[in-house]
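Survey of secondary and tertiary structure
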Amino acid sequence: MTAPTSFASPARSRPAPGRGLHRFANPGRFLRLSGAVLPWLAASGALLTAAGLAWGLFFAPADWQQGDAVRIMYVHVPAAWLASAGYLALAACSAVALVWRHPLADLAAAEIGPVGAGFTALCLASGSIWGKPMWGAWWVWDARLTSVLVLFFLYLGHIALVRAFDEPERGYRAGAILALVGVVNLPIIKFSVDWWNTLHQPATISLLGAPHIFLPMLWPLLIAAIGYALVFAALVTARTRAAVMERRIRALLLAQVARAERPA
Amino acid sequence: MTHLPYIAAAYALGVLIPAGYAIAAAMRLGAAKRRLASLEPRGRREARR
């Protein structure tokens, strides 16, 4: 059980490089800030996701080869991006928690895990649904598909490991180490379509080069991706708020028990 | 529209999975706010935020 003082005056005893991060280790400050941001994140995420999906479903053109099955891309591609980006965020929080013992980073990492697993499952399921009419198979042991499946298992492993210990701090530490080790899978996912001869097509959108995608298809894809990213952020924020409150509840209950057991 | 069942299934998952997470998070947050408000008076103020 976590001590009630685990958030108290964290900056005073910390090394200088992490001091800025500890401004948000105060649970009251985090709850105030996240409480103000959360409604905007959730509303803008829901609106943009709905707009991107509706645009992709009803107004974007069909592909000359794939027909209307290309519309599955507006769900699949944002989910795939968020599966990897979510894991990167999980690893970053884990590194901050391990190096600077930032208590909110522990909680955030624990809450990113289930949301990331959900988006990875969405990526795998929507890809499988697209693969059946296009490739004639629900699943192939292609390098891209297999590495994303490994990512899903890494998420599940992190979720299980964080909850495997009676003492939460030990679970957070074990999960953080797994998260950092698992980062090696991210470049494998990214470059799997270049390193191996895969059935999955190579990247059509890159940060550095011009996109190899018809612009009327690119806009709804980007809007859906931004919308899903905001939804992801809203989910993690809401779950972390709940986790901060639950930690406070445990601390208060422990204090009540300690007071009741104290001799009069 | 070609491949309609596949498209419908993918979009249904694309809406239902995030919506399920959102409902679960809202319920968990509400329960935590109520519990915290019952345990400490300051929690009542925070729970209203």
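See the structure shown above.
These notes cover the structure that comes with them. Just so it is clear, the structure is predicted and the values come from calculations on it, not from any experiment. Throughout, a residue's number is its position along its own chain's written sequence, starting from 1. All chains are assigned letters beginning at A, and all ligands numbers beginning at 1, according to the order in which they are written. Where local features are concerned, this predicted model is filtered to residues with pLDDT of at least 70; where side-chain atom pairs are given and counted, the filter is 80 or more; whole-chain, interface and lining totals use all residues.

**Quick notes on the overall build of chain A**
On a plain count of helices and strands, chain A comes out with 7 helices and 0 strands. Going along the chain from the N terminus, every DSSP run of H or I of four or more residues is numbered as a helix, and every run of E of two or more is numbered as a strand. Sequence-ordered secondary structure for chain A, helices as α and strands as β, is α-α-α-α-α-α-α. Around each residue's C-beta, the other C-beta atoms within 10 Å are counted; 20 or more make the residue buried, 12 or fewer make it exposed, and counts in between make it partly exposed. All C-beta atoms are placed from the backbone. By residue count, 41% of the 264 residues in chain A fall in the buried class.

**Section: the packing of helix 1 (residues 27-59) of chain A against helix 7 (residues 215-261) of chain A**
All names here are of chain A. In the contact formed by helix 1 and helix 7, the axes pass within 7 Å of each other and the chain directions differ by 150°. One element, helix 1, and the other, helix 7, form an angle in the roughly antiparallel class. Along this stretch, helix 1 crosses helix 7, giving a crossing that reads as left-handed. In this count, Pro and Cys sit with the nonpolar residues alongside Ala, Val, Leu, Ile, Met, Phe, Trp and Tyr, while Asp, Glu, Lys and Arg are called charged and the others, Gly among them, polar. In terms of residue class, the contact of helix 1 with helix 7 is made up of 24 nonpolar, 8 polar and 2 charged. To define axes, lines are fitted to C-alpha atoms, for helices over the stretch in contact only, and angles between the resulting N-to-C directions are given on a 0 to 180 degree scale. Each angle gets one of four labels, with under 35 degrees taken as roughly parallel, over 145 as roughly antiparallel, 65 to 115 as roughly perpendicular, and the rest as oblique. By convention, the crossing between two helices is left-handed when the near helix turns anticlockwise from the far helix through less than a right angle, and right-handed when the turn is clockwise.

**Overview of unusual backbone geometry**
Positioned with a positive phi, R101 of chain A is a non-glycine residue whose angle comes to about 50°. With respect to the helices, strands and loops of the structure, R101 of chain A is situated in the loop between helix 2 (73-100) and helix 3 (103-135). Taking the number of C-beta atoms within 10 Å as the measure of exposure, R101 of chain A has 20 and is therefore buried. The phi dihedral of H3 of chain B falls on the positive side, at around 55°, and the residue is not glycine. Along the chain, H3 of chain B turns up in the segment before helix 1 (4-39). Taking the number of C-beta atoms within 10 Å as the measure of exposure, H3 of chain B has 22 and is therefore buried.

**Digging into the interface of chain B and chain A**
When the parts of a complex come together, some accessible area is lost, and that lost area is often used as the size of the interface. We call two residues in contact when the distance between their C-beta atoms, placed using the backbone, is within 7 Å. Contact with chain B, which involves 26 residues of that partner, is made by 32 residues of chain A. Examining the composition of the side of chain B that touches chain A, we find that 20 residues originate from one element, helix 1 of chain B, more than from any other. Class assignment for the residues of the side of chain B that touches chain A results in 17 nonpolar, 3 polar and 6 charged.

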